[in-house]
Structure formats: structure tokens, C-alpha cells
Number of protein chains: 2
Amino acid sequence: MSVKLKGACIFGQSGGPTAVINASAYGIIRTALDSQEITAVYGAYHGIKGVLNDQLFDMNKEDPEELEFLIHTPSSELGSCRYKMKDPDEDDTDYKRILEIFKKYDVRYFFYNGGNDSMDTCNKISKYLKQVDYDCRVIGVPKTIDNDLYGTDHCPGYPSAAKYIATTCMELSKDARVYDTPQITVVEIMGRHAGWLAGASSLATYKGSGPDLIYLPECNFDMKKFDADVEDVYKARNGKVFVAVSEGIHYSDGTFVSEAKASATDGFGHAQLGGLASLLAAHLKEIFNTKVRGIELSLLQRCGSHLASQTDLDEAILVGKTAVLEAIKGTSDVMIALKRTYIGSEYIGEIELLPLSKVANFEKKVPLNWINESRNFVTNDFIDYVLPLIQGQPDIPYEESLPRYARLKKIFVNQ
Amino acid sequence: MSVKLKGACIFGQSGGPTAVINASAYGIIRTALDSQEITAVYGAYHGIKGVLNDQLFDMNKEDPEELEFLIHTPSSELGSCRYKMKDPDEDDTDYKRILEIFKKYDVRYFFYNGGNDSMDTCNKISKYLKQVDYDCRVIGVPKTIDNDLYGTDHCPGYPSAAKYIATTCMELSKDARVYDTPQITVVEIMGRHAGWLAGASSLATYKGSGPDLIYLPECNFDMKKFDADVEDVYKARNGKVFVAVSEGIHYSDGTFVSEAKASATDGFGHAQLGGLASLLAAHLKEIFNTKVRGIELSLLQRCGSHLASQTDLDEAILVGKTAVLEAIKGTSDVMIALKRTYIGSEYIGEIELLPLSKVANFEKKVPLNWINESRNFVTNDFIDYVLPLIQGQPDIPYEESLPRYARLKKIFVNQ
């Protein structure tokens, strides 16, 4: 390895956006622009689709100062996509097209920023390029608020979402308990298969103002048990109950609670318009005949860059930067992962390189022993895990007291 | 006037909480504690109900440092209530009880922090006390995120909610347009009768990342016109549409859109679980057959103290402080209002005293000439109005990177 390779790079953003995915983009773009080996830096418009459609932004034409603003700009500034590549043995159309584009622009470096599916995409592209003997270094850069990527201690994007959820739940808990009358509040938090995000609401409780009950998709949900849990809190806390649920909670047969079908009596008849929070609120209203509020954090939790964690921002930039530096050194077919170490009690996030083939298509879940015996809250192990990740208040650029986002020119290279 | 009056004070918090109502509480408490005339400072537990129930916290027993943290603690820390006092001519039970409590603790100052109903409460109590010849100075301190209080340029609480809405809509707009496929996003913002809050989403658009369409309750809503508006944007913006609506939008006959009844074909059959956002999202899904998202900002917008406006915080403290200073000087039966002046282009919020009788039970709405001709956005006049109010980033106290709220002892005076 360590053979010098000159050529252009393409990077793309894929899957659901986060508060810090553009910080990783910044890490990649800035480092690539500064390198001697990388001759041109192209950003794919809507991820791999931008490659297939020959829609590449020329990042060399951007104002360097505007690139700095990317760090605090939420969502995927170059556009994202959800596109599952076929197996090249079945249908290699896309791969041939990618090769064509790579040759057209002499692309020798490919960086793809995303979650499980994107690592799979990276892996397939890399294998294909080897097969056709095209010299190109392919590196995956992790991101996902869901934190379910295998092999890395955590994913950039998760800490900021966790901080958003914790801060918001602290505020909601204050609001939801303000009156002298009973109120049950149900907050729905993202996470279809893993409870990392919902679990982060425990930080609010740790700070004295958070949910009484938390339900994760790692455990089977039991509505009768849920009703009893709520009743216990209702009695103990003067009718004030604050519940956090993962969107992915499910019954023992695997059915999502959010998809529970209508029955004449259970109040679930009209669930299709609201989400899980509305459904559980309606259910609890029927049982407790009191004021209920269903609140869905929805997209807010994944794009809340004004509440980003500085630790997360630093690590997001670092994984982007490391991807480029490693590729230049000759590394390929890896994902840039994060490893947790401590110096004394101080958390340090270190870089680790993981083979793409090992991370693709595995899902990391919350360990069951981080969930309490009653299956209605997390343990201190969870708090110890997440607390270091949300640390640090970023110095966000404002203009007239509103966030100042990057204003890129986005000039297509073939224009 | 200006006769010295020694005695205790009671203050209470009423109605829906805000991000800065505790800042007003701080202004009242701190100024009252520092005064020579006010012999004891009591905080009513759940507003006027705390007076009726003889549940008064002794604020003299609180740690002064903890009181400082009140400034950045959201919601109503002493508890709120929604309690409409009867007319004393009909039933004076409550008034007699209030007099009894006031005499018991030698209360000569009463400060009540709330919206329209609370000013009405203040007014009635003040009149009754005069009638029975009990010397007590009564002052109303305004708050409401709805901004619908008559006679004041704006209400403390509104600017911070407006800033929360603007910032959140900037982030949402980035997220809602990230994919290469069409998506219609509908955000529901509080405001039953006035569109001040929904209008504030225009600030996000002013900053280049906000809603395409905004609907306020000041104008009649027409679903056919709405569909056409959405279609225009859908065509012009590549299938990406971002709509902000006031919860209070209504048809020309006064029916709230959120309460529209089921019909077999309009897709409204199951509206009762979700709110207006879900309902409109379902309606648009049926028409455009594309991805839709209904998002309700719910309680988040009224308790988002981490996004408070410093201007709002300063004014919230100021109205509280002024209430006490004015009362000591001999003023009574007024609400402490805010008046807008400019020095050059610089906004200055000045204090104005308004007779309670003039502000109670009137509702201030968005002027119709601040809404565009198509009735689907606000004009620059609206932006000029709200922009100065959201200015300034507060220096929020954090502990382990999460907000540090006040930890009051809350010792009842009769314990």
C-alpha cells in the first residue's frame, strides 16, 4: 500500500440526514481540497444517484468561507437519497455507469457518508471496481441518528440527536407538569429497531426533569403492563405522567404497536392519521379519562443543529478528514469507526478502521442489561454511555439571531 | 398616591406557560425581596388557586443563587392554573376567601402574571378589595406566547416562541427538502384565534430556509384554494412543499379545519387522533399521492427556553421589576405593557401602564394588511415587527451540557 494515486474524488451523502452530516462533508471537502494527490473534489447531488445521473457539484468552485458554515448547517446539503444497489452479479447496469463516470472524471477516491445501506453500497462498488481492475479507493463514513451501525462505539449524528431529545424532554417535563390537574404526556421518539434515541430521554430524568417511563423496541411491549406502569406513576405523582416511547415498540408477535389494527372498543380505530404518540394518548385517555397529550418529535430530532453536541461535531469532522487522509495513504474498503477510551474519567473518541464487509447489514441494539428489570426505563450504564457524547456547546454562527447556514453555489462540473 | 404601604406581597403565575414567565417571576421576586416596603414575598402555588387554598411558598427562604436560575427555567415554576373567577356580584365566595388570606398574611401587594383571563382576574380582585376598603395594590404582568393581549405592542413569551418557531422551521425546511423525491410537509403551529406564532415561521423563509405557504386564522380558510396553492409550489419547486398553518385556521362559517367532520371521500374520517397537521397531511396525500409529513410543534414551541430571545428575557424581567417598583410608588389597577420605539433603526421596548379594565377580555389579531393578497403568506411588515423581538442569544447556564434549571426549596409559609 501507500502507493501514490493521483485523481479526483467524489463524495456523497446518503440516507436520513443528521445535524452533523454536513460537518463530515466539511471534513472530507476541506481535507481533499488541501491535499496534493486529489486533483478535484466533486460532491454528488443526492448521493449515489448524483453519480449515476452525472450530477456532480464542483467543490473547488465554492467560497472557502461558505464551506466553514457547512459545519453548522443541518440536513444533507448536497441532497440525499435512499437507493439500494442491486447485486452486481444480478444486474451490473449501475456499476458500469459508475465506472463510466469515474473514468470520465478520473475519480480515484470515493467517500460515502451514510448508515447501514450506504456501507453496503460502498462495499459493492469497491468489489466491482476491483473486479474490473479500476484503481479507486473507497471509504465509508458513518452517520445515523439511530446509532445502530455495527462495529463503531457510536455514530456521528446520534450524540446531537440524543442531546436534542434530552434537552427537549427536560423542557417538556416542566411544561407537562405545570397545571394542578392530571395530565399524561406521551412523547414518540425515532428508532424503528433500536432504542438508542428513546433511551437518551433518560438524560432529562437524570437532570431532574424528564420522563417517568421509557419503552424501547429491544423488549416486547405489553399494553396491560404499560397501563399498570402508567397507573403506578399516576398515583405516585399526583396524576402527572410523562412517558417516552420508541416508534418501534412492538408486541411479542413482532407487530408494531403503531400498526395495531382497529377494534371496536380499544380506541385504536383511527390510528392511521396520527402516529404512535397519538394512538397511545387516545388509548390512555380512554382508560384514565383525563387530559392526555401525544407529542411526536418527528424530523425535529434529527435536524436540530442549534442543539448539536460539540463532541459530535468534532468527531463528525474527524471521521471525514480521516477518511481522506487514510485513502491518500492507500487505505481502502474500510469504514472510519469510533472507539471509546477514557483517560481517567475523561472520554476520548478514537478512530478505528473496520473492513466494510464486516459492518454492512448488521444492526446494533441497546444491550438488554442496560434496560431495567421492569422494562420501563434504562439503567445507569446507558447514561454513562451517552452522557460523554453530548458534551460541549458549539459556537454556532448567527445572523440577526437566527442560524447562518452555508450558502453554496452548487455549480455542476459538466455545466 | 405615593403613600407608603408596608406589607407582604403575593405573586402568581397563570395560564399556559412560556419560556420566559419565570424570568418575570424573577423580576418580581428579586425586586420585592430587595424592597423596604414589602415585608414578605409569597409565591402562590398554581396561581390564584394557591391563594384560595392557602398554599403559598415563602420566597424569602429560597437561596438567592437558585433564584437567578429561574431566568432560564422554562414553564411556570410555581405551577399554573386555568381558573375563571366568577363575577363577585353573582358569587363572592372566592373573593371573601382571598380577602381572608390577604388579611391573614397582611398582603398589600398582588402581582399576577398571565394573559387575558388573568388580567380579568386582577381587575375583579382589585375592584372587590376597593369595595370592601382593603388597601392593596394590584398589578397585572403580561405573558402569553399567543401575543393576543390588547394594548401592549407584544407580550413577553411571544418573542421566544417566535424564535423557536423560526429556528425550527429553518431546520425543518432543510430536512424536508433533502431527498430527490417529492415531499409535502405541513407544520402546525399554536394560535387558536391569532396568527402571531404561525406568522413567525416567515422569519425562516426570510433567512432562505422556511415555509412556502403560511395560513393564519385571521383569514377564512378555503380547502380548494389551499390545494391550488400547494399544487403551484409543488410544480415550481420540484415536488417539495413546506406549509405552515395556525392550529386555528377555520372555514368561512367559523368551523375549525381541525374539527372538520368525516365524510366518505375527503379522507377526514379519522381526524380525531391526530391534530390539524395530520389531517391536512392525510388530505394532501390523497390528492398528490406522494410522501407527506404532518408535524405538530405542540408544547415544544412554548417551553423552548434554550432558544429564548435575550430581548424577551430582558423585557420579561423588566415588566416584573416594574410591577413591583410601580406598586411601591402607589400605582395599582394597571397592566405593565410594552411600547415599541426606535432610536434610528434600533428597537427599544419601553414600559407603558395600561388600566386593567382596558386590557381585560380583548384579543389582538394580526392586521389584515400584514397578510398577503393571496392569504397564504405574511408581508414584510410582519417580519419588521417580529425580527427585533427575537434578537440576542442568552448566556444559558449548563451543567454537563444540559440546561441547569432552578432548584427551589418551595417551602410553604404555613408549614
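This one's a predicted model, so the numbers in the text were calculated from it and none came from an experiment.

Q: What exactly am I supposed to notice about the side chain of Ser80 of chain B here?
A: Here Ser80 of chain B is to be found in the loop between helix 3 (64-69) and helix 4 (93-104). Of note is the side chain of Ser80 of chain B, whose polar atom sits 2.6 Å from the backbone oxygen of Gly15 of chain B. In this structure, Ser80 of chain B is in contact with Val178, Tyr179 and Asp180 of chain A together with Gln13, Ser14, Gly15 and His46 of chain B, ignoring residues within four places of it in sequence.

Q: Honestly, the sheet that holds strand 1 (residues 7-13) of chain B in this entry has me stumped. Any pointers?
A: For sheets, the rule is that strands pair by backbone hydrogen bonds, running either parallel or antiparallel. Residues and elements named next belong to chain B. Pairing is mixed across the open sheet formed by 7 strands, whose spatial order is 3-2-1-4-5-10-11. A strand with exactly one partner marks an edge of an open sheet, and here the two such strands are strand 3 (56-58) and strand 11 (346-355). Between one strand axis and the next, the sheet turns by 30° as a mean value, whatever way the strands run. Relative to strand 5 (residues 137-142), strand 4 (residues 107-114) runs parallel, the two being bridged by 6 bridges. Bridging from a neighbouring strand, Tyr109 pairs with Arg137 of strand 5. Across the sheet, helix 11 (residues 310-329) touches strand 2 (38-44), strand 4, strand 5, strand 10 (334-343) and strand 11, and the angle it forms with strand 5 is around 170°.

Q: Is there a simple way to think about the packing of helix 1 (residues 21-34) of chain B against helix 11 of chain B in this case?
A: A pair of packed helices is captured by two measures, namely the crossing angle of their axes and the spacing between those axes. All names here are of chain B. At a minimum axis distance of 7 Å, the contact between helix 1 and helix 11 shows a crossing angle of 35°. Crossing angle aside, the handedness with which helix 1 passes helix 11 is right-handed. Residues Ala23, Ser24, Tyr26, Gly27, Ile28, Thr31 and Ala32 of helix 1 pack against Leu313, Ala316, Ile317, Val319, Gly320, Lys321, Val324 and Leu325 of helix 11. Residues belonging to the contact of helix 1 with helix 11 are distributed by class as follows: 10 nonpolar, 4 polar and 1 charged.

Q: I would appreciate a short explanation of the interface of chain B and chain A in the present structure.
A: A common way to report how large an interface is uses the accessible area buried once the components associate. Taken together, the contact pairs 65 residues of chain B with 66 residues of chain A. Summing both sides of the interface, chain B and chain A together bury roughly 5800 Å²; the carbon and sulfur share of this comes to 57%. Viewed at the interface, chain A and chain B are joined by 10 salt bridges. The salt bridge involving Asp175 of chain B is made with Arg302 of chain A; its shortest N-O contact spans 2.7 Å. Inspection of the region where chain B meets chain A yields 36 residue pairs in polar contact (both at pLDDT 80 or more).

Q: What's the story with the pattern of salt bridges in this structure? I'm lost.
A: Pairing between side chains of opposite charge can happen when the charged atoms of each approach one another. Taken as a whole, this structure holds 56 salt bridges over all chains when the rule is applied. Notably, a salt bridge pairs Arg340 of chain B with Asp153 of chain B, separated by 3.0 Å at the nearest N-O pair. One end of the pair, Arg340 of chain B, is in strand 10; the other, Asp153 of chain B, is in the loop between strand 5 and helix 6 (158-176), with 187 residues separating them in the sequence. When its relative accessible area of 18% is taken as the criterion, Arg340 of chain B is described as buried. As a salt-bridge pair, Glu399 of chain B and Arg407 of chain B come within 2.8 Å of each other at their nearest N and O atoms. The structure contains a network of salt bridges with shared partners spanning Glu66, Glu399, Glu400, Arg404 and Arg407 of chain A together with Lys207 of chain B.

Q: Teacher, can you tell me more about the pairing of strand 2 of chain B here?
A: Regular strands have side chains that alternate between both faces of the sheet. Residues and elements named next belong to chain B. The buried count for strand 2 comes to 6 of 7 residues, which makes it a mostly enclosed element. With 4 bridges connecting them, strand 1 and strand 2 associate as parallel partners. Bridge pairing in strand 2 links Phe11 to Gly43. In this fold, strand 1 hands off to helix 1, which returns the chain to strand 2; that crossover is right-handed. Bridge analysis of strand 2 against strand 3 gives 3 bridges, and the strand direction is antiparallel.

Conventions and cut-offs
Residues numbered from 1 in each chain as written. Chains lettered and ligands numbered in written order. Predicted model: local features only at pLDDT ≥ 70, side-chain atom pairs only at ≥ 80, totals over all residues. Heavy atoms only, no water. Helix = DSSP H or I, 4+ residues; strand = E, 2+ residues; numbered from the N terminus. Polar contact = N/O pair within 3.5 Å; in protein donor to acceptor, adjacent residues only side chain to side chain. Contact = heavy atoms within 4.5 Å. Pairing = 2+ DSSP bridges. Axes fitted to C-alpha atoms, helices over the stretch in contact; angles between N-to-C directions. Left-handed = near helix turned anticlockwise from the far one by under 90°. Nonpolar A, V, L, I, M, F, W, Y, C, P; charged D, E, K, R; others polar. Buried area = accessible area lost by both parts, 1.4 Å probe. Salt bridge = Lys/Arg side-chain N within 4 Å of Asp/Glu carboxyl O. Buried < 20%, exposed > 50% of the residue type's maximum accessible area, 1.4 Å probe, protein only. Right-handed = clockwise from strand over helix to strand, strands pointing away.

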